[in-house]
Amino acid sequence: MAVRIRMKRMGRKHRPFYRICVMDSRKQRDGAAIEEIGTYDTSVADKSKRVEINMERVDYWMSVGAKPSENVATLIKKVKKNKFGTAAAPAPLTAPKEPAPEPEPEAEEATEEAAAEETPSEE
């Protein structure tokens, strides 16, 4: 039997949660597992707390001949070296743009004054 250490998807739509399982490679992705040895939650903000793996069981299964999938191998390597990186900072907020200033009414007043000078006043 070809045994793999791989992820089994749980959770709901657009919010994945994975269980790290030891399974027969011929089983479907969400099928019955031989043993569940950890979890991986992508929605946790702190990257170092996203993965929880029982490393003793991983070492046992790998000694018996189980092979990890590419993604699980990456997670195992990060757990062993404790190198998770840092989450990207959110983009800085920008202030809303101010509306364009309206034309000043002085230009209208100047034309009204000029028109008043041209017409003789009755004094």
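Residues numbered from 1 in each chain as written. Predicted model: local features only at pLDDT ≥ 70, side-chain atom pairs only at ≥ 80, totals over all residues. Heavy atoms only, no water.

Visitor: Please clarify how the sheet that holds strand β5 (residues 67-68) should be interpreted in this entry.
Guide: Hydrogen bonds between backbone atoms are what pair the strands of a sheet, whose relative direction is either parallel or antiparallel. Spatial strand order, β4-β3-β2-β1-β5: five strands in an open sheet with mixed pairing. Sheet topology places β4 (51-53) and β5 at the edges, where each strand pairs with a single neighbour. Bridging between strand β2 (residues 15-24) and strand β3 (residues 35-41) involves six bridges; their strand directions are antiparallel. Bridging from a neighbouring strand, Tyr18 pairs with Tyr40 of β3. (Pairing = 2+ DSSP bridges. Helix = DSSP H or I, 4+ residues; strand = E, 2+ residues; numbered from the N terminus.)

Visitor: What is the right way to read the pattern of salt bridges from this model?
Guide: When their charged atoms lie close together, side chains carrying opposite charge are able to pair. Inspection of every chain in the model, using the stated rule, returns six salt bridges. Between Asp41 and Arg15 there is a salt bridge, with its nearest N and O atoms 4.0 Å apart. Residue Asp41 is found in strand β3, and its partner Arg15 is found in strand β2; the two are separated by 26 residues along the sequence. The residue Arg19 makes a salt bridge to Glu36 at a minimum N-O spacing of 3.4 Å. Of this pair, Arg19 sits in strand β2 while Glu36 sits in strand β3; the two residues are 17 residues apart in sequence, bridging distant segments of the chain. The exposure class assigned to Arg19 is partly exposed, which follows from its relative accessible area of 29%. Among the ionic contacts, a cluster of salt bridges with common partners joins Lys8, Arg19 and Glu36. (Salt bridge = Lys/Arg side-chain N within 4 Å of Asp/Glu carboxyl O. Buried < 20%, exposed > 50% of the residue type's maximum accessible area, 1.4 Å probe, protein only.)

Visitor: What is the right way to read the nonpolar core from this model?
Guide: Nonpolar side chains tend toward joint burial in soluble globular proteins. Counting residues in each nonpolar core, the largest one holds 18 residues, and the members touching the most others are Ile5, Met7, Ile20, Tyr40, Ile53 and Leu75. Where this core is concerned, the elements lending two or more residues are β1 (3-12), β2, β3, β4, α1 (55-64) and α2 (70-81). Once residues lying within four places of it in the same chain are set aside, the contact partners of Ile53 are Ile20, Ile37, Gly38, Val58, Leu75, Ile76 and Val79. (Core = buried A, V, L, I, M, F, W, Y, C linked by side-chain atoms within 4.5 Å. Contact = heavy atoms within 4.5 Å.)

Visitor: Before we go on, may I ask you to explain the pairing of β2 in this structure?
Guide: A regular strand carries its side chains on alternate faces of the sheet. Extensive coverage of β2 is indicated by the burial of seven of its 10 residues. Taken together, the 10 bridges between β1 and β2 define a ladder with antiparallel strand orientation. When the bridges of β2 are listed, Arg12 appears paired with Arg15. Counting the residues that bridge the hairpin from β1 to β2 gives two residues, and of these His14 lies at a positive phi of roughly 60 degrees.

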